[in-house]
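One letter stands for each residue in the lines below.
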Amino acid sequence: MSDAPFAQFDNILENELNPAAIQQETPSMTQPIGFDNEKYLAQQSQAIIDRVAMFGDKLYLEFGGKLVFDYHAARVLPGYDPNVKIKLLQRLADKVEIIFCVSAADVAKGRIRGDFGMTYDVATLKTLDDMRDYGLPVSAVSINRFTGQSAAIQLKNKLERRGQRVFLQGDIEGYPNDVDLIVSDAGYGQNPYIPTSKPIVVVTGAGPGSGKMATALSLMYHDHRAGRGAGFAKFETFPIWNLPLEHPVNVAYEAATADIGDFNMVDPFHLAAHGEIAINYNRDVENYPILRSIISHILGAGRSIPHYESPTDMGVNCAGAGIVSDDAVSDAARQEIVRRYLRYNWEYTLGVERKETVDRARALMQQVEVKVEQRRPVVPAREAAASAEAAGKGNHG
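How each quantity is defined
Residues numbered from 1 in each chain as written. Predicted model: local features only at pLDDT ≥ 70, side-chain atom pairs only at ≥ 80, totals over all residues. Heavy atoms only, no water. Buried < 20%, exposed > 50% of the residue type's maximum accessible area, 1.4 Å probe, protein only. Helix = DSSP H or I, 4+ residues; strand = E, 2+ residues; numbered from the N terminus. Pairing = 2+ DSSP bridges. Axes fitted to C-alpha atoms, helices over the stretch in contact; angles between N-to-C directions. Contact = heavy atoms within 4.5 Å. Lys, Arg positive; Asp, Glu negative; His and termini not counted. Salt bridge = Lys/Arg side-chain N within 4 Å of Asp/Glu carboxyl O. Polar contact = N/O pair within 3.5 Å; in protein donor to acceptor, adjacent residues only side chain to side chain.

Draft legend 1. Representation of the pairing of strand β8 (residues 231-235) within the structure. The buried fraction of β8 amounts to 5 of the 5 residues, a majority that puts the element mostly inside the structure. Bridge analysis of strand β1 (residues 59-63) against β8 gives 5 bridges, and the strand direction is parallel. Paired with Leu61 across the strands is Ala233, a residue of β8.

Written out as structure tokens, the structure is:
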């Protein structure tokens, strides 16, 4: 029997719930706890403080993934608080300020954030309200890839009328390959400087392609031109670098990004420099030589990145330290891989997803040796569908 007709039942069970209800649900209600938030927060906050000390005055910390309501992490790491990143920033509140990035191109084309079902301009306003409610007001918004889009100008006006500082950044010709141009007055130098006063500047954004890295590196360039010490680091939860490549938690990350073609791999730079296996993902590994060159140019001739000999070194990720039950997180991750497959399959039947994505998700299921029927809602959903069909219920019943 094909999975496609039943995929919608799992999607309804897992994705149409009220986000507030999902946020309040505790893993102990349904499954063993596999993640200790307090243990994680203690190690992660110290790691960030230690990273600031490497550079002196300021650290620009690119925050990848979701800043709030990270339900993927909560699903694969039972016990993980979907808003634990907020709690992390609250612990560091006296040392942190936040810059929020959004792409003018995404705003102009009305791109939708799948987790909230909102356009990027509305999602930006919502995130700023959320951060203010958490006692972590955003210091500035950077609208990137700006070429005069009227929708981006309208967003800028809305933000400024709410008292928010807003900066506009255009594209840099030749980015990211023409390093000499990028690291010059005609490149980063033409971008506005966003003044900040605290030693940790979290640079986050509305989604992929929001220009977080370009914003952080541009500010680092301005600081070094002015004689101020500044550094750069990346904060991403997945993949978890010190779990094995084929660990279900890391495979679940590949399932979550199957639609954009990301895949995990052993970091070859880390292995060569340290003789240690570390897991990263393809785009970070591919971009590392260029990123290393850009940062070396910013720091000046003859100077390299302090202690950064690999993209894994560049990250500051302690998620692995919070895992307290490998069995619990492995089981939860397998469930998530099947959930992703069913969702992609359902979206394929609707005509909005590619067959390649479905095939990729199916291959990941096979990799971790899990079947569709092992997804807990699947059998009851199929039984309910068969019963309803037999009783003449449904669209034509």
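After that view, the rundown keeps rolling.
Draft legend 2. Structural detail: the sheet that holds β1. Pairing is parallel across the open sheet formed by 6 strands, whose spatial order is β6-β5-β2-β7-β1-β8. Unpaired on one side and paired on the other, β6 (166-168) and β8 mark the two borders of the sheet. Strand-to-strand twist across the sheet, computed as the mean angle between neighbouring axes with direction ignored, equals 25°. Sheet analysis places strand β5 (residues 138-144) next to β6, joined by 3 bridges and oriented parallel. By the bridge assignment, Ser142 is partnered in β6 with Phe167. Sitting on the sheet, helix α5 (residues 84-91) is in contact with β1, β2 (96-103), β7 (200-205) and β8, with an inclination near 165° to β1.

Draft legend 3. Region of the structure containing the side chain of Glu353. Examined against the element boundaries, Glu353 turns out to sit in the loop between α15 (326-349) and α16 (355-367). No salt bridge is formed by the buried Glu353, whose closest oppositely charged neighbour, Arg354, lies at an N-O distance of 4.3 Å. In this structure the side chain of Glu353 is engaged in a polar contact, spanning 3.0 Å, whose partner is the side chain of Thr357. Excluding residues within four positions of it along the chain, Glu353 makes contact with Asp259, Tyr344, Glu347 and Tyr348.

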